[in-house]
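Next come the chains, spelled out residue by residue.
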Amino acid sequence: MKLTGAEIFIECLKKEKVDTIFGYPGGVVLNIFDLLYDDKDLRVILTRHEQGATHAADGYARASGKPGVVLVTSGPGATNTVTGIANAFMDSIPVIIFSGQVPTKLIGNDAFQEADIVGISRPCTKYNYLVKDIRDIASIIKEAFHIATSGRPGPVLVDLPKDVTAGKSEFIYPEEINIRSYNPTYAGNRWQIKQAAVAIAKARKPVIYAGGGVILSNASEELIWLAEHTQIPVAMTLMGLGGFPGDDSLSLGMLGMHGSYYANMAIHNSDLIIAIGARFDDRVTGRVEGFAPDAKIIHIDIDPTSIRKNVRVDIPIVGDVKLVLKDLNEILKDEVKEQWSEIRKAWLKQIDEWKRERPLTYAWDEDIIKPQFVIEKIYELTKGDAIITTEVGQNQMWTAQFYKFHKPRTLLSSGGLGTMGYGFPAAIGAQIAFPDKLVIDIAGDGSIQMNIQELATAVIHKLKIKVAILNNQYLGMVRQWQELFFRERYSYSYLHTEQVPDFVKVAEAYGAVGLRAKKPSEVEPVIKEALRIKNTVFMDFFVDWREKVFPMVPAGGAIHEMIFGEETKQPEKKLKAVK
Amino acid sequence: MRHTISLLVENKFGVLSRVAGLFSGRGFNIESLSVGETLDPQISLMTIVTQGDDRIIEQITKQLNKLIDVIKVVDLTEMDHVEREMILIKITPKPEDRAETLRIAEIFRGRIVDSSPRTYTIQITGDEKKIEAAIELLRPMGIKELVRTGKVAIAREGVKKREM
Ligand SMILES: Cc1ncc(C[n+]2csc(CCOP(=O)(O)OP(=O)(O)O)c2C)c(N)n1
């Protein structure tokens, strides 16, 4: 039987077990939207902006581990997804973007609402396609899902010209695909893994440096086993948080520019770094020449291009993190755990001292809300049992520092691209994936305004997302840099008190609920109230605008060259230590 | 150091731009690039000449390998290989230099592929050194126009290929 291209498209999605599409309609995709009108199995989440749809699909993918699917129209619809695509690309998130395109015979003619989205998205997709022949739709969609989700995952875009979705053809979904030039390496080299085991046995001051790859390959269990069995402390990247339990005594929390003192000191003084699914981003290494001068480096990554890109590596292992760790653990399992405890004693004691010396803290204030306090309270009241998304800026770094992530896929944050406006739509995607879980977006007043229109999406779908706005009336992180490195010239980082909207009213205007806290004593009641309400809630916290994120490695510094806030020098009333 | 990299790629639209984009997006320069179909019309061969230290070349070859449409990457530089380039060069010699121009062309086994009362167009093929030498000798004769194909290269038979 012959089907239209649009029907084939829908059948393919079903074959791939897709049940949710994040999208926005337009002329050239109406053939498809018309079919979705009464399709029982495919739900469309209509966002209010295509960037919102793309981030939502990305959040859905990060939270669930399943690929996220986006459907948008040509031209402006497609170009509006670009930030979301680049965001998913930088963080290796499997998202498949279907964009409508003008009819094939008009392509290249500057037709109405034409954009060369295949050309535009080429540098920020893992792969992309322009479907020129209806007979190729099925195999291309199958390949797109395969490429997006295998190897190092990433976004794949499929551009569908209008005549291709309107035409008719036989529907055959290929059983198998064979892309001769695409064969990711999954199993690590046995000999190299043996070398790694030997290095681990010999090391006196080892540190595990775990990144987003641990979460993408679902290797958390293997990582926990490795760390516990061999008694090696674990520092995580922003993307790696949750890969190892943040409340475990071996956890060092986040390392890097705003990493903890003890994570950075441990890395700097280590004699062996076991990098797992992490890519030595410049925010992590600081000045590369000064990075861990005495350490041997083991680097496990599925992407060979990540290895030796930024730092020298002594033992490279290309492969899927989970499989490699399984093999490594298998070799290490015969050694007795007690013996490891003995070997690591001095090192772990040193780390404990660093933890005591400079814990993550802030100065308490009776009258003004400290942003870190809000995050601590959220952690306390949720007991860590929530999916947290963040925007970008100080809010993001404080969340990484003061919320302890226990499980993988509980922190969704824009790591590689650092996209303001990511957190709220990502929260929508996560809540769609898990309607019963508590989803909280920790936001800045600047960032939330970048995709605030998605309030409508959240309310219409009865999502119970809580948004905690750390309202400092500044582009806080920019302000921090200007204060520290630009002689307090706050050039265009002040959002103007009277121009920051009344977030309570904005929420209400969309049918959500708005709450506000102006004093520290109001923080807990507001969070409790928000958690009780079964609706989308904006919590507007008036926080201390002067607060800065510390410790901090200034640009160009090595990671042990940190600067600290006043508060850590004068321990007083209520210094809170993150254990 | 200069490297000659040979790439087997799928013969599809967009592939050239992916390869070129990989270089430009990372600030690597392509000195020359030539592409053509292989015996299998679904596959093209690209010869790329680029510059870089070992780390850059390692990144380039790894990144090329990572491209979905790239089937095989071989760095020919460290193995015995044959390289050729072709130029078409249009000379406007003074009447007294016409004989000399033809003599130079002959030395380099060039062929006259077009001539007019005031010009000769000469085709010369060879490796880089030969091409450079020919250009230098012809320069005093008055070069009006010059086009180069960029290099093509192939490994010598019996040589073990260093694949990456
Ligand atoms: C789309 C985008 N534009 C600009 C930036 C640069 N930037 C990084 S942090 C920041 C300030 C964020 O301010 P806000 O959302 O209020 O959060 P805060 O730092 O105050 O917590 C800016 C402008 C960015 N990361 N993303």
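Residues numbered from 1 in each chain as written. Chains lettered and ligands numbered in written order. Predicted model: local features only at pLDDT ≥ 70, side-chain atom pairs only at ≥ 80, totals over all residues. Heavy atoms only, no water.

So, on to the site of the ligand. Residue and element names in this part refer to chain A. Near the ligand, the surroundings consist of 17 residues, among which Gln394, Gly418, Gly446, Ser447 and Gly476 are the closest. One nitrogen or oxygen atom from the main chain of Gln394 is found 2.8 Å from an oxygen atom belonging to the ligand. Tyr474 places a main-chain nitrogen or oxygen 3.1 Å from an oxygen atom of the ligand. Taking 590 Å² as the accessible area of the ligand by itself, protein coverage stands at 76%. Residue assignment for the shell around the ligand shows that the elements contributing at least two residues are helix H17 (394-402), helix H19 (445-448) and helix H21 (476-485). (Near = heavy atom within 4 Å. Polar contact = N/O pair within 3.5 Å; in protein donor to acceptor, adjacent residues only side chain to side chain. Areas by Shrake-Rupley, 256 points an atom, 1.4 Å probe, with all protein chains shown as cover. Helix = DSSP H or I, 4+ residues; strand = E, 2+ residues; numbered from the N terminus.)

The next point concerns the interface of chain A and chain B. Residue-level contacts link 18 residues of chain A with 20 residues of chain B. A buried area of about 1700 Å², summed over both sides, lies between chain A and chain B, and 46% of it is on carbon and sulfur atoms. Three residues stand out in chain A for area buried against chain B, namely A:Arg122, A:Tyr127 and A:Arg180, and they jointly supply 38% of the buried area on that side. The tally of links between chain A and chain B comes to three salt bridges. Notably, a salt bridge pairs B:Glu10 with A:Arg180, separated by 2.7 Å at the nearest N-O pair. One can count 13 residue pairs in polar contact (both at pLDDT 80 or more) joining chain A with chain B. Of all the elements, strand S6 (residues 127-130) of chain A adds the most residues to the side of chain A that touches chain B, at three residues. Partitioning the side of chain A that touches chain B into residue classes produces seven nonpolar, three polar and eight charged. (Contact = heavy atoms within 4.5 Å. Buried area = accessible area lost by both parts, 1.4 Å probe. Salt bridge = Lys/Arg side-chain N within 4 Å of Asp/Glu carboxyl O. Nonpolar A, V, L, I, M, F, W, Y, C, P; charged D, E, K, R; others polar.)

Further remarks concern unusual backbone geometry. All names here are of chain A. That bond from Phe550 to Pro551 is cis: its omega, 0°, falls within 30 degrees of zero. For Pro551, the location among the structural elements is in the segment after strand S20 (537-542). Notably, Ala292 is not glycine yet its phi reads approximately 40°, a positive angle. Counting through the fold element by element, Ala292 comes out in the loop between helix H13 (282-285) and strand S13 (296-301). A relative accessible area of 0% means that Ala292 is categorised as buried. (Buried < 20%, exposed > 50% of the residue type's maximum accessible area, 1.4 Å probe, protein only.)

What follows deals with the pattern of salt bridges. Tallied over the entire structure, the rule returns 43 salt bridges over all chains. The salt bridge partner of A:Arg279 is A:Asp281, with a shortest N-O separation of 3.3 Å. By relative accessible area, which is 26% here, A:Arg279 ends up partly exposed. A salt bridge links B:Arg139 to B:Glu136, with the nearest nitrogen and oxygen atoms 3.0 Å apart. Each of B:Arg2, B:Glu31, B:Glu83, B:Glu128 and B:Lys151 takes part in a single network of salt bridges with overlapping partners.

Take the sheet that holds strand S3 (residues 43-51) of chain B next. Remark on secondary structure: sheet strands pair via backbone hydrogen bonds, oriented parallel or antiparallel. All names here are of chain B. Taken together, the four strands give an open sheet; going across it, the order is S2-S3-S1-S4, and neighbouring strands pair in antiparallel fashion. Looking at the sheet topology across the chains shown, the edges are occupied by strand S2 (30-37) and strand S4 (70-75). Taking each pair of neighbouring strands and ignoring which way they run, the sheet shows an average axis angle of 15°. Its contacts with the sheet put helix H1 (residues 15-25) on strand S1 (2-10), S2 and S3, and the angle it makes with S3 is roughly 15°. (Pairing = 2+ DSSP bridges. Axes fitted to C-alpha atoms, helices over the stretch in contact; angles between N-to-C directions.)

To continue, consider the pairing of S6(A). All names here are of chain A. Burial along S6 is two-sided: the face carrying Tyr127 and Tyr129 and the face carrying Asn128 and Leu130 are both buried. Pairing between S6 and strand S7 (residues 156-161): four bridges, direction parallel. The partner of Leu130 across the bridge, within S7, is Asp159. Regarding topology, helix H7 (residues 137-149) serves as the crossover connection from S6 to the parallel S7, and that connection is right-handed. (Right-handed = clockwise from strand over helix to strand, strands pointing away.)

Turning next to helix H23 (residues 520-532) of chain A. All names here are of chain A. Every buried residue of H23 is accounted for by Pro520, Val523, Val526, Ile527 and Ala530. The buried residues of H23 occupy an angular sector of 100° when projected down its axis, which confines them to one face. Exposed residues on H23 whose side chains face more than 90 degrees from its buried face are Ser521 and Arg532. (Arc of directions from axis to C-beta.)

Here the focus is the confidence of the model for chain A. Looking at chain A, the pLDDT average stands at 95 and 98% of residues meet or exceed 70. pLDDT under 50 marks residues 569-579 of chain A. Its contacts with residues more than four places away, or in other chains, come to 20 contacts. (pLDDT = per-residue confidence, 0-100.)

All names here are of chain A. As defined by bridge partners, strand S2 (residues 20-23) adjoins strand S3 (residues 43-46) across four bridges and the pair is classed as parallel. If you follow Thr20 over to S3, its bridge partner there is Arg43. Remark: the S2/helix H2 (residues 30-36)/S3 crossover connection has right-handed handedness.

All names here are of chain A. Closest axis-to-axis distance for the helix H9 (residues 190-202)/helix H14 (residues 321-332) pair is 9 Å, and the angle between their directions is 55°. In terms of axis orientation, H9 runs oblique to H14. Of the two elements, H9 crosses H14, and the hand of that crossing is right-handed. Across the interface between the two elements, Arg190, Ile193, Lys194, Ala196, Ala197 and Ile200 of H9 pack against Val324, Asp327, Leu328, Ile331 and Leu332 of H14. (Parallel < 35°, antiparallel > 145°, perpendicular 65-115°, else oblique. Left-handed = near helix turned anticlockwise from the far one by under 90°.)

All names here are of chain A. Structurally, the position occupied by Thr536 is in the loop between H23 and S20. The class of Thr536 is buried, set by a relative accessible area of 0%. Thr536 sits 243 residues away from Pro293 along the chain, and the two C-alpha atoms are 49 Å apart. Excluding residues within four positions of it along the chain, Thr536 makes contact with Leu455, Ala458, Val459, Leu463, Lys464, Ile465, Ala512 and Val513.

Here we come to the packing of aromatic side chains. All names here are of chain A. Per the counting criterion, the structure on display carries 18 aromatic pairs over all chains. Summarising the aromatic geometry, the rings of Phe9 and Phe98 are spaced 4.8 Å apart at their centres and angled 85° between planes, so their arrangement reads as edge-to-face. Placement of Phe9 in helix H1 (residues 5-15) and of Phe98 in strand S5 (residues 95-101) is noted, with a sequence separation of 89 residues between them. Exposure class is identical for Phe9 and Phe98. Each is buried. (Phe/Tyr/Trp six-rings, centres within 6.5 Å; stacked < 30°, edge-to-face > 60°.)

Residues and elements named next belong to chain A. Ile208, Ile276, Ile298 and Phe541 are the most contacted members of the largest nonpolar core, which totals 100 residues. Apart from residues no more than four positions distant in its own chain, Ile298 is found in contact with Ala196, Ala199, Ile200, Leu272, Ile273, Ile274, Ala275, Ile315 and Ile317. Core analysis: the second largest hydrophobic core is formed by 48 residues, Ile45, Ala86, Ile465 and Ala507 among them. (Core = buried A, V, L, I, M, F, W, Y, C linked by side-chain atoms within 4.5 Å.)

A few words on the packing of helix H3 (residues 50-64) of chain A against helix H5 (residues 82-90) of chain A. Residues and elements named next belong to chain A. Contact geometry of H3 with H5 gives a least axis separation of 7 Å together with a crossing angle of 25°. As far as their axial angle goes, H5 and H3 are roughly parallel. Between H3 and H5, the residues in contact are Gln51, Thr54, His55, Asp58 and Arg62 and Thr83, Gly84, Ile85, Asn87 and Ala88, respectively. Its residues assigned to classes, the contact of H3 with H5 shows two nonpolar, six polar and two charged.

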